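# Results of the structural survey
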There are 4 protein chains.
Amino acid sequence: MAAPAIPNTSILRSCLYPRLIATRDRSLELVKPLTAEDMVVQPTDDASPTKWHLAHVTWFFETFVLAKFLPGYRIFDETFNFCFNSYYESQGARQPRGMRGLLTRPSVDRVMSYRQHVDEALGRLVDLLPGDQPEVNRLIEIGINHEEQHQELLLMDLLALFAANPLRPAYMPGKPSLISDAAAALLRWSEYKSGLIEFGHDGRGYAWDNEYPRHQAFVRPFKLANRLVTNGEWISFIQDGGYRDANHWLADGWNTVQREAWRCPLYWEGYGADWKLMTLEGLRPLEMAAPVCNVSYFEAEAFARWSGHRLPTEFEWELAARGLPPHAVTFTPELKPAALQDNEQLLQMYGSVWQWTQSAYAPYPGYTPPPGAIGEYNGKFMVSQQVLRGASCITPPGHSRPSYRNFFYPQQRWQFAGLRLAADI
Amino acid sequence: MAAPAIPNTSILRSCLYPRLIATRDRSLELVKPLTAEDMVVQPTDDASPTKWHLAHVTWFFETFVLAKFLPGYRIFDETFNFCFNSYYESQGARQPRGMRGLLTRPSVDRVMSYRQHVDEALGRLVDLLPGDQPEVNRLIEIGINHEEQHQELLLMDLLALFAANPLRPAYMPGKPSLISDAAAALLRWSEYKSGLIEFGHDGRGYAWDNEYPRHQAFVRPFKLANRLVTNGEWISFIQDGGYRDANHWLADGWNTVQREAWRCPLYWEGYGADWKLMTLEGLRPLEMAAPVCNVSYFEAEAFARWSGHRLPTEFEWELAARGLPPHAVTFTPELKPAALQDNEQLLQMYGSVWQWTQSAYAPYPGYTPPPGAIGEYNGKFMVSQQVLRGASCITPPGHSRPSYRNFFYPQQRWQFAGLRLAADI
Amino acid sequence: MAAPAIPNTSILRSCLYPRLIATRDRSLELVKPLTAEDMVVQPTDDASPTKWHLAHVTWFFETFVLAKFLPGYRIFDETFNFCFNSYYESQGARQPRGMRGLLTRPSVDRVMSYRQHVDEALGRLVDLLPGDQPEVNRLIEIGINHEEQHQELLLMDLLALFAANPLRPAYMPGKPSLISDAAAALLRWSEYKSGLIEFGHDGRGYAWDNEYPRHQAFVRPFKLANRLVTNGEWISFIQDGGYRDANHWLADGWNTVQREAWRCPLYWEGYGADWKLMTLEGLRPLEMAAPVCNVSYFEAEAFARWSGHRLPTEFEWELAARGLPPHAVTFTPELKPAALQDNEQLLQMYGSVWQWTQSAYAPYPGYTPPPGAIGEYNGKFMVSQQVLRGASCITPPGHSRPSYRNFFYPQQRWQFAGLRLAADI
Amino acid sequence: MAAPAIPNTSILRSCLYPRLIATRDRSLELVKPLTAEDMVVQPTDDASPTKWHLAHVTWFFETFVLAKFLPGYRIFDETFNFCFNSYYESQGARQPRGMRGLLTRPSVDRVMSYRQHVDEALGRLVDLLPGDQPEVNRLIEIGINHEEQHQELLLMDLLALFAANPLRPAYMPGKPSLISDAAAALLRWSEYKSGLIEFGHDGRGYAWDNEYPRHQAFVRPFKLANRLVTNGEWISFIQDGGYRDANHWLADGWNTVQREAWRCPLYWEGYGADWKLMTLEGLRPLEMAAPVCNVSYFEAEAFARWSGHRLPTEFEWELAARGLPPHAVTFTPELKPAALQDNEQLLQMYGSVWQWTQSAYAPYPGYTPPPGAIGEYNGKFMVSQQVLRGASCITPPGHSRPSYRNFFYPQQRWQFAGLRLAADI
């Protein structure tokens, strides 16, 4: 008689590994529309080549999981550590960030073989492990989330590349927008009371180190806009001379406006005539009711000041987000922020554009970086940047939660970032 | 019978005006050791010429007080608005910041006449005003505090100038230090409890707009070092490879260390041998027990991490400072931070070096800039900078209070800045 | 009875067109070892992507020949004029030079179709033209020579790309060098007499506009080295402190040495140990007897001064080259300069490395740019550059003649350039 | 009976020493209108402070004459070698060029004492030497000419300083111009025949090393304009779109025009309205008939091309100048180039503005730098610059001769440079 089946009850096998496979597959799905040429070029110092993203997230699994936990694992190629380490000083020297685009070799094909090699080895590791080992589980979960973050970066960086191409290629064929004539939802305000409130992640489910520790902070009464600022409203700002009046701007912002000759958000074209917007679907007419996107903190802050309001703090945003029903965010292939179509209480909290907050990116009280090389991440960037909350239309699922903290420098604007207004009561 | 004398009871006459005169005189006192040549040159883009400081603070009184409130006031020279406006966009075009040092004309003599012209007019204004006018009082008090701030800047900038001079001139003749052999006070820790506490200025006495509004913030239990980090301790950091190990540093900090080839604090000389320190008293042997000075935020943060501690938040510092007995800080001509000489509970909170905090410079909840051109100040700098607390040995009296917020960019280090350690309990 | 065959006696058909086809084919031959990824990336601002070279030379034929002389010619793609114009201001706006590497679209495949489209049209043009038309012949001949120049640029730029790749890929598999132990030929000197001599091209065969007009110049007695300076001799220069002693250098050169931290020629690796050289065959041991390559004018001039000699003028070089027997230079796939193997009077005049001269690149007396857009070339670069004479191991055949003038800025060194010594008698 | 007077027949005493005294005095004369503040500031990296010029020329006499030839000479201040060495690598480390303006100490007064100390020592040297010593005489003559060159630099640099000052100060009070309405002389051409001609200095009287050796060069027939290009003609160039049409420009020139946003010569103000010119006499109306000044080589070359002519070579200029009667050029205090007032054959060859030639600055055939530290001068600058001939209205007497070679980079334009047209016959 056959032995009774032993149920595969480990979290790794039943839960993490399927997610791992799905995540790894999704990366390949994302690059299907691209040629090898598209995947090798680096558009700016900030942005990385597609191929580099594909290899780097694979290197992460190889370096932090396989090399440590899979007995007899063979490093795919010893030179890859130099090529695809991002900034882990503890992992040794690496290709300078601004020169990632010079790596025409290893080829895309070889990077695909690398992915396969590592995927197979991850499968072997799952088979070999008798049950859950917390450290392995933790690292695989980090690796999944890490790869998902790079899926968003990959699309951001790709748009930067295609926007610098005179042909203005489309990553995906555009479908006629159904909503370009829709008016934005009426601007309404939700009000919130004062209190000493707990913020940060509660430990249920995955979170990054920078969402910890959960801690108390005092919030004063405030109100928050039900929806994001729209392209149409941004045009009013432009027409009112917003980019020409120093009074709206932080001093550093005004210097940037002048030095970079900013006159509109990144990817807007056709100043003074019919506005066009460069998107992952190619060059499209600008939709008035869609949320403004690809603005810097300097611009968001100036707009808020000009409008008589302000940006929310990250805690105000988190407090407001917390009250929402579980949000069914799926990774629909919306490659540009959609205009508003429904009428909930608080709209567009996730899945449209990241929302600048007035909070500087800083460690929470009691924060300590995780041990080991992994700990280099997050903590070492906690200065001179601003927190964004929410999630954008190109953010993978599972990255939309009230406590999630994204961060960029105040002058950066190639990420999918917009704003939601707030005010004191 | 003679009318009874009406007592001069206005605050302006009895209190503000004498302070005004004293402040104006002190500026002249400060520049006595300088030649006209010393006063015209601009050492770096960040620092300004002495003459420019003397004229700019005078322009402030002329523009915001005399031109508005003294009937018939004659502008001393119409070209000075262009020459000596700092960054008030509302006051029109101005000499670019990096070109202030090209103003060999107007001469120092003419700037001195300008000061006299404005001082006399301020005297007439005081005579003319029947009693206190809140707006005038407010502006004069701002002007006094503004000039005092520039007195500190003037000395910082002068040290930058003299440090770049191969002769290493002394601003003031050095007196032999009595304390160079003294050991620093034993490092002890003061502990503080958790609580929801009010921060910011309470409205009694002068404060800058950025110290308002008073508001509640939640503080967790922490401890604070009784004294500042010393030069001797900094040498340990250097000897332990502090400037060569990326793990201690924020990513931006590490980039700066490499780009600028930092190997020690600014103004230290003689790497690897007998350390010397360039000070306002000239080039002096480095005192081991004196607080380290002229370090950037990046360096202070790296040191704290290396030492196993952290920098305090600005609220922790303020809470600790609040419990102190009224501090008798006088403007003694100590031109370099002195080593510790006594044994109080918390030492060197003021009068030694500004102390970096881990708090980004941001508006307090509910902050609104003051109306008018004056409002351009402070608010427009609230991004990408870090708060420093305390006061330095070159800070004028009256700027030492628990709620005072100084701020600089994390890479800047020509200001008199050091650090005090903190830790969670 | 059949009509008597009309002999195809036009120069175009009998001579130019076969050369055109051969040249176009050779470009395709050159890129065979490359992947599409290799062909899209731009290594530096100076260097261009392979794909760009392939398309630009094709655009040249389309724009200056087909669009003007082939009735009914259909422009392949209207966007290509923007993409692949190099610097012809008269042809309109274009992709900025430093952003040529962002053109992941049009793809390599599409550029190959472009080449085919243009090649076919050129064939039709040849068929259609009844006989020789001087203007067409001239433009086709220019186009051939232009494409040949880009064949050399393509290889130079490719080496720059591969040298920046941590894998140090080989463009072609290296064959073991047969000559690495060979001593360089003994240095001997050829002497030349003074005279008023004609220089410049004599009009027989093709020449660039900058080789005209033929004109007289006076030359004083001089002597010229029979061979090029070798790697072994360059090591003596390095070991003698050549890169550390300002006295050998022009002032601009010394500034460059310090700013760029030059310590050896470009592509040398392993300072202080076993020297390696990055070549189109990959990283190879440095051959002592091979001519030094990839040195700047600053370095060549400093070496000559250090050695007690000088660089020749471009006229001295031309005079010496003129006396040589017709040189059998074939386009052998020598991808790095070979060491000397034979024993002629003057060795290595062509086919090894370009040779810096002390002559600034300037128009010859009476020079006038050719009419039309073509005339933008050559004339507009006649300032701040130095003339190089000879031809390198990657120079196509037909570009080796006494009057040929190559030119680069004195700090550039990614071209295959070395030096030959001269001296006054 | 008294000994018969021994006549003072040495060249040093009878000729050089009086010239030395006159030159040294003239430097002091030149700075009389300046304050100490004017004298310490450095306007740009290229230009130096007045005080630095005064000290550097003195350091030259101290270092190369007194320290070597006056027994027992006491160095005035050992720190001055670091402060006032310009670029003599052999004389040791020095204040970086861009930081000369930070030298508020030593003061102007101390530099004046330095001058006096050195002048007295030079007097003692003259008394002590029994007769002429060729080496001493040579060095003193070089020192005189060197100081004279710095007198011109001093005025150029001063204008750069005052032009950056919003007050636009006048170095000297302007006298009403008598000639502003005068038409420029009719443009006429002098023709010259072909020939193999000797160029360079003939050894009679002083010359710089770069004027040697005298050598033959072949000149083709050419013609030269009798006068300089005027401001009025330059306005035609501007109005014809000269600064907006790439076709007129060298490629490097066009890049500079765009990067620097050039629209007119340096020091012209009031674009599109009444042109004003900043001069050493302050801001003045632009005189149409005066020669254009403060234009770069790029501009001069573009103008010449636009006008259908070209710039002369340095040999053409020298040949034309050689035929002129001895020119009575005196150092009249004309601080801006005057319009033409008389009617000679060739006008304005000296004493108005330096004239750009199309000749790159290169060594003459057989040139060898003089031995010793002095030899660092001239030779080390022979790359990437263009030769100017003639002399300007601020050039001291004795620097106006046919063989004199001045040189600047093609983008520089703070020197007093204009142009004279030439053409082939």
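Keep in mind it's a predicted model, so treat the numbers as computed, not measured.

### As for the domain arrangement of chain A
All names here are of chain A.
- Looking at the assigned domains, one finds that chain A contains domain 1 (11-163) and domain 2 (189-424).
- When each unit is reduced to the centre of its C-alpha atoms, the spacing between domain 1 and domain 2 is 27 Å.
- Opposite the 29 residues of domain 1 that make contact, domain 2 presents 29 residues.
- Interface of domain 1 and domain 2: buried area, both sides summed, is about 2,600 Å²; carbon and sulfur atoms make up 67% of it.
- In terms of surface lost to domain 2, no three residues of domain 1 exceed Glu-152, Met-156 and Leu-159, which account for 25% of the buried area on that side.
- Taken together, domain 1 and domain 2 are joined by zero salt bridges.
- The interface formed by domain 1 and domain 2 holds eight residue pairs in polar contact (both at pLDDT 80 or more) in total.

### Here we look at the relation of the copies chain D and chain B
- With an RMSD of 0.0 Å, the fit of chain D onto chain B corresponds to turning through 180 degrees and sliding 0.0 Å along the axis. Taken together, the turn and the small shift mark the pair as related by a two-fold rotation axis. By C-alpha distance to the rotation axis, the residue of chain D lying nearest is Glu-37 of chain D, at 2.5 Å.
- A share of 100% of interface residues in chain D that are also interface residues in chain B marks the association as one of identical surfaces.

### Let's talk about the relation of the copies chain C and chain A
- Expressed as a screw transformation, the operator carrying chain C onto chain A has a rotation angle of 180 degrees and an axial translation of 0.0 Å, and the superposed copies differ by an RMSD of 0.0 Å.
- Same-surface contact between copies: 100% of interface residues of chain C are shared with the interface of chain A.

### Thoughts on the pairing of strand 4 (residues 222-225) of chain A
All names here are of chain A.
- Sheet analysis places strand 1 (residues 189-192) next to strand 4, joined by four bridges and oriented antiparallel. Across the sheet, the residue bridging to Trp-189 is Ala-225, located in strand 4.
- Relative to strand 12 (residues 422-424), strand 4 runs antiparallel, the two sharing three bridges. If you follow Leu-224 over to strand 12, its bridge partner there is Ala-422.

### Considerations on unusual backbone geometry
- Here the residue pair Arg-105 of chain B and Pro-106 of chain B is connected by a cis peptide bond, since its omega of -5 degrees sits within 30 degrees of zero.
- With respect to the helices and strands, the residue Pro-106 of chain B is situated in the loop between helix 4 (80-84) and helix 5 (108-128).
- Here Tyr-212 of chain B and Pro-213 of chain B are connected by a cis peptide whose omega angle stands at -10 degrees.
- Relative to the assigned elements, Pro-213 of chain B resides in the loop between strand 2 (195-199) and strand 3 (215-219).
- A positive phi angle, near 70 degrees, is found at Ser-384 of chain A, a position not held by glycine.
- On the basis of relative accessible area, Ser-384 of chain A is assigned to the buried category, the value being 17%.
- Positive phi, normally seen in glycine, also occurs at Tyr-267 of chain C, with a value near 80 degrees.
- Along the chain, Tyr-267 of chain C falls in the loop between helix 8 (251-260) and strand 5 (268-269).
- Residue class for Tyr-267 of chain C comes out buried when judged on its relative accessible area of 9%.

### Considering the sheet that holds strand 7 (residues 282-285) of chain B
Residues and elements named next belong to chain B.
- Strand order in the open sheet formed by three strands is 5-6-7, and the pairing between neighbours is antiparallel. Edge strands, defined here as strands with exactly one partner in the open sheet, are strand 5 (268-269) and strand 7.
- In this structure, strand 6 (residues 276-279) lies alongside strand 7, joined through four bridges in antiparallel fashion. The residue of strand 7 that forms the bridge with Thr-279 is Gly-282.

### Quick word on the interface of chain D and chain B
- Every contact between the two is made by 30 residues of chain D and, on the other side, 30 residues of chain B.
- A combined buried area of about 2,300 Å² lies between chain D and chain B, and 61% of that area is made up of carbon and sulfur atoms.
- Considering only the side of chain D, the residues that lose the most area to chain B are Glu-37, Leu-102 and Arg-105 of chain D, jointly responsible for 32% of the buried surface there.
- Lys-51 of chain B serves as the salt-bridge partner of Glu-37 of chain D, at 2.5 Å between the closest nitrogen and oxygen.
- Counting the contacts that link chain D with chain B gives 10 residue pairs in polar contact (both at pLDDT 80 or more).
- Counting residues per element, the ones that place at least two in the side of chain D that touches chain B are helix 2 (36-40), helix 4 (80-84) and helix 6 (134-163) of chain D.
- Of the residues forming the side of chain D that touches chain B, the biggest block, four residues, is contributed by helix 2 of chain D.
- Partitioning the side of chain D that touches chain B into residue classes produces 19 nonpolar, seven polar and four charged.

Rules and cut-offs
- Residues numbered from 1 in each chain as written.
- Chains lettered and ligands numbered in written order.
- Predicted model: local features only at pLDDT ≥ 70, side-chain atom pairs only at ≥ 80, totals over all residues.
- Heavy atoms only, no water.
- Domains from an automatic or database assignment.
- Contact = heavy atoms within 4.5 Å.
- Buried area = accessible area lost by both parts, 1.4 Å probe.
- Salt bridge = Lys/Arg side-chain N within 4 Å of Asp/Glu carboxyl O.
- Polar contact = N/O pair within 3.5 Å; in protein donor to acceptor, adjacent residues only side chain to side chain.
- Least-squares fit on C-alpha atoms with pLDDT ≥ 70 in both.
- Pairing = 2+ DSSP bridges.
- Helix = DSSP H or I, 4+ residues; strand = E, 2+ residues; numbered from the N terminus.
- Buried < 20%, exposed > 50% of the residue type's maximum accessible area, 1.4 Å probe, protein only.
- Nonpolar A, V, L, I, M, F, W, Y, C, P; charged D, E, K, R; others polar.

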